[in-house]
Amino acid sequence: MAQKIQPRFLDFTTAHAVAEDFGTPVYVYDQKTLEANAAAVLAFPNAFGLTARYAMKASPNAAILKLFAQAGLHIDASSGHEVHRAMAAGIAAEKISLSAQELPEDLGELLDAGIQLNACSLAQLERFGQLKPGGEVGIRINPGAGSGGNNRTNVGGPSSSFGIWYEWIPQIKELLAKYSLTAVRIHTHIGSGSDPEVWLKVSKMNFEMVRQFPDVVTLNLGGGFKVGRMPDEKSTDLQIVGQPIKEKFEEFAAETGRKIRLEVEPGTFLVANACALLSKVQDVVSTGEAGYDFIKLNTGMTELLRPSIYGAQHPICLLQSEESASSKEYVVVGHCCESGDILTPAPGDPELLATRELPEATIGDYCVIDGSGAYASAMTPKHYNSYPEAAEVMLDTSNAPRLIRRRQTLAEIWANEV
Ligand SMILES: *Cc1c(COP(=O)(O)O)cnc(C)c1O
């Protein structure tokens, strides 16, 4: 029998209490894990100062933003809407930087309020110049190489539209001159779930960009630190990937006299393993001898889309008051009328089914899907099949659950229809 996976932090008693008080499906965040992750990011090795940001698109609930702000993290926003959301949560505009595929209509007002912009295209740089001639700006570069778990999370290289292609430096310089702008930051983010070695290699390449822009005082290396969700997957050790980066900053200073400040802005690293999705087994079916045994949960792509689109692997545990003596190979599926709503795809291939060995399931068993903190609640087709948005709960440091987002009512789904 395969080694039984235990939930990371959500024990049987707490899970039952949460389910009884708030219902299922429900996202359960762990304050202790969030705080430990923030401390690890704030300890990122650096030579001449560090600003650590939380890439809030990973999980934008105000309770999480506030907790991280309290710990000392700043914010990376991916849209004007995220900027507003962070400000509504009480984050000061000066602590927010915007790196977006689409600039907001009210960019001028947000810049007046004090946010920082990393221009992610030549047109964005031009727009900034028109709004803030003589201003200071960051430049997001596509360094020509990327690293991501797959082609959907890789955001560097020629097939990625993120950032200004590294060969367009002359055009960047022209725009800086045209609007008397100062480039004070170089920004790169090459992808999520990066191989630490590729991350390191690309991070070093960025010094070539810093060399091109004599007024740059900050190098932002983005996020993308791989987190292992499954027991056999490794997580990035920030102390290990950070050390050679720190040395590179020191070498650059020795050579040029420029002491560059480091920025990092992880999303996944901060939240991925700090949330468990708690659900219930609502049916168990079989397709016969040559088929499969299926567990149907009262959750699925409506709360966790990553398995369906990336073939992402998440630990799945059944919580049973008396554990079944026997186990079975199950395909675990969600509750949508959609064959792609599977929670056990083949690793990296959402087109293929895989099975998991689990204790024999009974309708009514609770099920914990771990690693559901990043791009889970934040990224779902939640209203498909008209399922209301699930509740979110935070366990405080004494393991007491606190509601941080109530479950949506059914009528709220169609509230905007006229
Ligand atoms: C998404 C994003 C991040 C965070 O990526 P993770 O892989 O979640 O760490 C950081 N910076 C930018 C610009 C991003 O778009």
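The model shown is predicted, which means the values in this text are computed figures rather than measured ones.

### Some thoughts on the overall build of the chain
Here is step 1: Check the secondary structure of the chain and you find twelve helices and 20 strands.
Here is step 2: Relative to its length of 418 residues, the chain is compact, with a C-alpha radius of gyration of 23 Å against a globular reference of 22 Å.
Here is step 3: Put simply, 71% of the contacts in the chain that link residues at least 6 apart link residues at least 24 apart.
Here is step 4: Accessible area for the chain stands at about 17900 Å²; split by element, carbon and sulfur atoms hold 50% of it.
Here is step 5: Within the chain, one finds 36 positive and 50 negative side-chain charges whose respective centroids are separated by 6 Å.

### Details of the nonpolar core
Here is step 1: If you look at the biggest cluster of nonpolar residues, it comprises 95 residues, and the most contacted ones within it are Tyr54 and Phe68.
Here is step 2: Here the element with the most residues in this core is helix α8 (residues 196-212); it accounts for six residues.
Here is step 3: Counting the residues that make up this core, at least three belong to each of domain 1 (12-28 + 272-406) and domain 2 (31-270).
Here is step 4: Excluding its chain neighbours within four sequence positions, the residues that come into contact with Phe68 are Leu34, Ala38, Tyr54, Leu73, Leu270 and Val271.
Here is step 5: Listed in part, the 15 residues of the second largest apolar core include Val18, Ala19, Val26 and Tyr366.

### Notes on the domain arrangement of the chain
Accessible area lost during the coming together of the parts is what is often quoted as the interface size.
Here is step 1: Splitting the chain by domain gives domain 1 (12-28 + 272-406) and domain 2 (31-270).
Here is step 2: Placing the centre of domain 1 and that of domain 2 at their C-alpha centroids yields a distance of 32 Å.
Here is step 3: Taken together, the contacts link 23 residues of domain 1 with 24 residues of domain 2.
Here is step 4: At the boundary of domain 1 with domain 2, total buried surface from both sides reaches about 2000 Å², with 56% on carbon and sulfur atoms.
Here is step 5: If you look at where domain 1 meets domain 2, you find zero salt bridges.
Here is step 6: In this structure, the connection of domain 1 to domain 2 is made through seven residue pairs in polar contact (both at pLDDT 80 or more).

### Concerning the side chain of Arg140
Here is step 1: Along the chain, Arg140 falls in strand β6 (residues 136-142).
Here is step 2: The side chain of Arg140 is buried and forms no salt bridge, while Glu265, the nearest opposite charge, is found at 6.4 Å.
Here is step 3: Separated by 3.2 Å, the side chain of Arg140 and the backbone oxygen of His189 make a polar contact.

### Points about the pairing of strand β16 (residues 349-353)
Here is step 1: Examined bridge by bridge, strand β15 (residues 345-346) and β16 share two bridges and lie antiparallel to one another. Looking across to β16, one finds that Pro345 is bridged to Leu353.
Here is step 2: Taken together, β15 and the strand that follows it, β16, pair antiparallel across an intervening segment of two residues, in which Gly348 is found at a positive phi of about 75 degrees.

### Re the packing of α8 against helix α9 (residues 238-256)
Think of two packed helices as two axes; the pair is described by the angle between the axes and how far apart they sit.
Here is step 1: Interaxial distance between α8 and α9 falls to 10 Å at its minimum, and their mutual angle equals 20 degrees. Here α8 lies roughly parallel to α9, going by the angle between them. Crossing handedness for the pair α8 and α9: right-handed. Every residue of α9 that contacts α8 at Pro196, Trp199, Leu200, Ser203, Lys204, Phe207, Val210 and Arg211 is listed here: Val241, Pro244, Ile245, Lys248, Phe249, Phe252, Glu255 and Thr256.
Here is step 2: In the contact of α8 with α9, the residues fall into ten nonpolar, two polar and four charged.

### Notes on the pattern of salt bridges
Side chains bearing opposite charge may pair, as long as their charged atoms lie close to each other.
Here is step 1: Throughout the structure, instances matching the rule amount to nine salt bridges.
Here is step 2: Residues Arg211 and Glu208 are paired through a salt bridge, measuring 3.4 Å at the closest nitrogen-oxygen approach. Within this pair, Arg211 and its partner Glu208 are both found in helix α8, separated by three residues, close to a single helical turn.
Here is step 3: Judged by relative accessible area, which is 35%, Arg211 ranks as partly exposed.
Here is step 4: A relative accessible area of 42% places Glu208 in the partly exposed class.
Here is step 5: Of the charged contacts in the structure, one is a salt bridge between Arg406 and Glu412, with a shortest N-O distance of 2.7 Å.
Here is step 6: On the basis of relative accessibility, which here comes to 46%, the residue Arg406 falls in the partly exposed class.
Here is step 7: Counted as one network, the salt bridges with shared partners bring together Lys382, Glu389, Glu392 and Arg405.

### Looking at unusual backbone geometry
Here is step 1: Following Thr24, the chain continues to Pro25 via a peptide bond in cis, the omega torsion being -5 degrees.
Here is step 2: Structurally, the position occupied by Pro25 is in the loop between α1 (12-22) and β1 (26-30).
Here is step 3: Phi angles above zero are rare outside glycine, and Asn385 is one such case at about 65 degrees.
Here is step 4: If you trace the backbone, Asn385 turns up in the loop between β18 (366-369) and β19 (391-395).

### A short note on the environment of Lys246
Here is step 1: Structurally, Lys246 is set in helix α9.
Here is step 2: As a C-alpha pair, Lys246 and Phe48 span 198 residues in sequence and 8.6 Å in three-dimensional space.
Here is step 3: Leaving out residues up to four positions away in the same chain, Lys246 has contacts with Pro45, Asn46 and Ala47.

### With respect to the packing of aromatic side chains
Here is step 1: Considering all chains together, one arrives at seven aromatic pairs under this definition.
Here is step 2: Arranged with centres 4.7 Å apart and planes meeting at 65 degrees, the rings of Tyr54 and Phe68 form a pair that is edge-to-face. You can see Tyr54 sitting in strand β2 (residues 50-55) and its partner Phe68 sitting in helix α3 (residues 62-71), a full 14 residues away along the chain.
Here is step 3: According to the relative accessible area criterion, Tyr54 is buried, its value standing at 0%.
Here is step 4: Their ring planes at 65 degrees and their centres at 6.0 Å tell us that Tyr292 and Phe294 sit as a pair that is edge-to-face.
Here is step 5: Given the relative accessible area of 36%, Tyr292 is considered partly exposed.
Here is step 6: A network of ring pairs unites the aromatic residues Phe44, Phe225 and Phe269 as a single cluster.
Here is step 7: Above the ring of Phe213, the side-chain terminus of Lys173 is found at 5.6 Å from the ring centroid.

The rules we used
- Each residue is numbered by its place in its chain's sequence as written, counting from 1.
- Totals for whole chains, interfaces and linings use all residues, but because this is a predicted model, local features are given only for residues with pLDDT of at least 70 and pairs of side-chain atoms are given and counted only at 80 or more.
- With hydrogens and water excluded, all non-hydrogen atoms of the structure serve as input to the side-chain values.
- We count a stretch as a helix when DSSP gives it H or I for four or more residues in a row; a strand needs E for two or more, and each element gets its number in order from the N terminus.
- Only C-alpha atoms enter the radius of gyration; for comparison, a globular chain is expected to reach 2.2 Å times N to the power 0.38, where N is the number of residues.
- We call two residues contacting when some pair of their heavy atoms lies within 4.5 Å.
- Only the protein chains shown count as cover for residues, and all accessible areas are computed by the Shrake-Rupley method using a 1.4 Å probe.
- Within this scheme the basic residues Lys and Arg register as positive and the acidic residues Asp and Glu register as negative, but His and the chain ends are omitted.
- The atoms used to mark charge sites are NZ of Lys, CZ of Arg, CG of Asp and CD of Glu.
- Remark: nonpolar core denotes a set of buried residues (Ala, Val, Leu, Ile, Met, Phe, Trp, Tyr, Cys) joined through side-chain atoms within 4.5 Å.
- Burial classes: relative accessible area under 20% of the type maximum marks a residue as buried, over 50% as exposed, and values in between as partly exposed (1.4 Å probe, protein chains only).
- All the domain ranges listed were derived from an automatic or database domain assignment.
- Summed over both partners, the accessible area lost on bringing two parts together, with a 1.4 Å probe, is the buried area.
- When a carboxyl oxygen of Asp or Glu is within 4 Å of a side-chain nitrogen of Lys or Arg, the pair counts as a salt bridge.
- Contacts described as polar in this section are N or O atom pairs within 3.5 Å, which, within protein, must combine one atom able to donate a hydrogen with one able to accept it, while residues neighboring in sequence count only if both atoms come from side chains.
- Criterion used throughout: strands pair if DSSP finds at least two bridges between them.
- In this description, a line fitted to the C-alpha atoms serves as the axis of each element, helices being fitted only across the stretch in contact, and the angle between N-to-C directions of two axes falls anywhere from 0 to 180 degrees.
- Should an angle fall under 35 degrees it is taken as roughly parallel, and over 145 as roughly antiparallel, whereas 65 to 115 is taken as roughly perpendicular and any remaining angle as oblique.
- By definition, turning the near helix anticlockwise from the far helix through less than a right angle yields a left-handed crossing, and turning it clockwise yields a right-handed one.
- Classes in brief: Ala, Val, Leu, Ile, Met, Phe, Trp, Tyr, Cys and Pro nonpolar; Asp, Glu, Lys and Arg charged; the others, Gly included, polar.
- Aromatic contacts are taken between Phe, Tyr and Trp rings whose centres are within 6.5 Å, Trp giving its six-membered ring; a plane angle under 30 degrees counts as stacked, one over 60 as edge-to-face, and the others as tilted.
- Should the NZ of a Lys or the CZ of an Arg lie within 6 Å of a ring centre and within 35 degrees of the ring normal, that charge is described as sitting over the ring.

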